[in-house]
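The lines below spell out each chain.
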Amino acid sequence: MESQPDNYFLNFALGRWLAVTGSGGEAIEYLEKAIYLFPSLAGSESRYAVLAVLFRLEGLIEEETQIRYDWWNQAPLFVTNALRLAEVLQESNRLSEALVILENVMYLDPFSMEAHTRLGRL
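In what follows, the accompanying structure is described.

**Describing unusual backbone geometry**
Turning to step 1, where the next piece is worked out: Positive phi outside glycine occurs at Asn 93, with the angle close to 60°.
Turning to step 2, where the next piece is worked out: Within the secondary structure, Asn 93 sits in the loop between helix 5 (79–91) and helix 6 (95–108).
Turning to step 3, where the next piece is worked out: Accessibility expressed as a relative area gives 60% for Asn 93, which makes it exposed.

**Description of a nonpolar patch on the surface**
Turning to step 1, where the next piece is worked out: On the surface, Leu 95, Leu 99 and Leu 122 cluster together into a nonpolar patch covering about 200 Å² of accessible area.
Turning to step 2, where the next piece is worked out: Here Leu 99 lies in helix 6.

**Focus on the packing of aromatic side chains**
Turning to step 1, where the next piece is worked out: For the structure shown, the criterion picks out five aromatic pairs.
Turning to step 2, where the next piece is worked out: Taking the centre distance of 5.0 Å and the plane angle of 75° together, the rings of Tyr 8 and Phe 9 count as edge-to-face.
Turning to step 3, where the next piece is worked out: Classification of Tyr 8 by relative accessible area gives buried; the value is 9%.
Turning to step 4, where the next piece is worked out: By relative accessible area, Phe 9 is classed as exposed at 61%.
Turning to step 5, where the next piece is worked out: Between Tyr 48 and Trp 71 the ring centres are 6.5 Å apart and the planes differ by 10°, which places this aromatic pair in the stacked class. One end of the pair, Tyr 48, is in helix 3 (residues 47–58); the other, Trp 71, is in helix 4 (residues 61–74), and 23 residues separate them in sequence.

**Describing the side chain of Thr 65**
Turning to step 1, where the next piece is worked out: Tracing the backbone through its elements, the reader meets Thr 65 in helix 4.
Turning to step 2, where the next piece is worked out: A polar side-chain atom of Thr 65 sits 2.8 Å from the main-chain carbonyl oxygen of Ile 61.
Turning to step 3, where the next piece is worked out: Excluding its chain neighbours within four sequence positions, the residues that come into contact with Thr 65 are Leu 85, Val 88, Leu 89 and Arg 94.

**Structural notes on the nonpolar core**
Turning to step 1, where the next piece is worked out: Ranked by size, the top nonpolar core spans 18 residues in total, and within it Leu 31, Tyr 48, Leu 51, Ile 67 and Trp 71 carry the most contacts.
Turning to step 2, where the next piece is worked out: If you list the elements that add at least two residues to this core, you get helix 1 (8–20), helix 2 (24–37), helix 3 and helix 4.
Turning to step 3, where the next piece is worked out: Among the elements that take part in this core, helix 3 stands out by supplying six residues, more than any other.
Turning to step 4, where the next piece is worked out: When near neighbours in sequence (up to four residues on either side) are disregarded, Leu 51 contacts Ile 28, Leu 31, Glu 32, Ile 35 and Ile 67.
Turning to step 5, where the next piece is worked out: By size, the runner-up hydrophobic cluster in this structure holds 14 residues, among which are Val 79, Ala 86, Leu 89 and Ala 98.

The rules behind the values
Residues numbered from 1 in each chain as written. Predicted model: local features only at pLDDT ≥ 70, side-chain atom pairs only at ≥ 80, totals over all residues. Heavy atoms only, no water. Helix = DSSP H or I, 4+ residues; strand = E, 2+ residues; numbered from the N terminus. Buried < 20%, exposed > 50% of the residue type's maximum accessible area, 1.4 Å probe, protein only. Patch = residues over 30% accessible without salt bridge, like charges linked within 9 Å, V, L, I, M, F, W, Y side chains within 5 Å. Areas by Shrake-Rupley, 256 points an atom, 1.4 Å probe, with all protein chains shown as cover. Salt bridge = Lys/Arg side-chain N within 4 Å of Asp/Glu carboxyl O. Phe/Tyr/Trp six-rings, centres within 6.5 Å; stacked < 30°, edge-to-face > 60°. Polar contact = N/O pair within 3.5 Å; in protein donor to acceptor, adjacent residues only side chain to side chain. Contact = heavy atoms within 4.5 Å. Core = buried A, V, L, I, M, F, W, Y, C linked by side-chain atoms within 4.5 Å.

Any functional reading would require information beyond the geometric quantities listed.
Encoded structure:
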């Protein structure tokens, strides 16, 4: 890391390793750096996912909301991310934003009973 601090793969690997070993606070720095270096790599097991879970575990709701929005903007195909984003927005009383996310989920997965139910309740 000292010789290649801007190496995406090293930052992601170290961040993920720190997260798994219980050093979530330290992991955040490396995962955020990995996102900065390569923001478009946003698969279902990407650093966005790891970072979102870390933020939730640390109780950092605004940070979790922002990283889920960033993930949604990079890869709006992951319904589970969108559903969690809508949930966090609802918990923060940002109902109109949650509504938009749930409506978008309907285009991605029109047979999602959870999305239908939550949209109806909202």
